[in-house]
Amino acid sequence: MSGQATEQSGEHTVTAAPGPLGTEELRGLLLSRIQDVPDYPQPGVMFKDITPLLADAAAFSALTDALAELCVRHRADKVVGLEARGFILAAPAAVRAGIGFVPVRKAGKLPGATLGQSYELEYGTAEIEIHADALEPGDRVLVIDDVLATGGTAEASLQLIRRAGAQVAGVAVLMELGFLEGRRRLVGALDSAPLEALITV
């Protein structure tokens, strides 16, 4: 199942505020294809399931177009997709924009030489990796993921991009869970690069 959990309360609702990404019609289309699943994975949690959006060719194509346009707007040379749902969104956007796709995976999943970056979780740590030769010095790289939650994985990916000698063109997500304050966590790592969200929850 694909999506992201959000708190089920009157204080946190899905919004489609005006912004730099596309039109209100696009946001309306995307919102209409994201399904709320109450009390999953536990009581009191509202899960935002994006699989109906992916199953709708028109909605998925519109999302891909919007992300590809961001690649062009921010002059990206390559797209980094974050495991695992980020792969689904980032790869077609890269193809549409005519640029390369680079996966960032959990530690131990990539063959050959890799660069790794650990980051803090609520309980313990995790690590992500990228192929050591995936990015060229000077590449402009746009990170794409389905959801920005606490921002830990995105922050680690930005550190990996810079360690590889590449430049951060920005971060783009389908959905931002604003109440988890991932945007605030990313301020330093972004270093003035843009963070774009199609939908804010």
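Since we're looking at a predicted model, the values are computed, not measured.

Please clarify how the sheet that holds strand β10 (residues 195-200) should be interpreted in this entry.
Working definition: the strands of a sheet are paired by backbone hydrogen bonds and lie parallel or antiparallel to each other. Strand order in the open sheet made by the seven strands is β6-β7-β5-β4-β8-β9-β10, with mixed pairing throughout. One side of each edge strand has no neighbouring strand; the edge strands of this open sheet are β6 (114-120) and β10. Adjacent strand axes in the sheet meet at a mean angle of 20° when their direction is disregarded. Looking at chain direction, strand β5 (residues 100-106) and strand β7 (residues 125-131) are connected through two bridges and run antiparallel.

Even after reading the chapter, I still don't get the confidence of the model for the chain, so can you show me in this structure?
When pLDDT is averaged along the chain, the result is 89; 89% of the residues meet or exceed 70. Across residues 4-21, where pLDDT falls below 50, the model places 55 contacts with residues more than four positions away in sequence or in other chains.

Can you walk me through the pairing of strand β9 (residues 167-176) in this structure?
Consecutive side chains of a regular strand alternate in pointing toward one face of the sheet and then the other. The buried count for β9 comes to nine of 10 residues, which makes it a mostly enclosed element. For the segment spanning strand β8 (residues 140-148), helix α5 (residues 152-163) and β9, crossover handedness is right-handed. Bridge count between β9 and β10: five bridges; the pairing is parallel. Directly across from valine 171, in β10, lies its bridge partner leucine 195. In terms of handedness, the path from β9 via helix α6 (residues 182-190) over to β10 forms a crossover that is right-handed.

Procedures and definitions
Residues numbered from 1 in each chain as written. Predicted model: local features only at pLDDT ≥ 70, side-chain atom pairs only at ≥ 80, totals over all residues. Heavy atoms only, no water. Pairing = 2+ DSSP bridges. Helix = DSSP H or I, 4+ residues; strand = E, 2+ residues; numbered from the N terminus. Axes fitted to C-alpha atoms, helices over the stretch in contact; angles between N-to-C directions. pLDDT = per-residue confidence, 0-100. Contact = heavy atoms within 4.5 Å. Buried < 20%, exposed > 50% of the residue type's maximum accessible area, 1.4 Å probe, protein only. Right-handed = clockwise from strand over helix to strand, strands pointing away.

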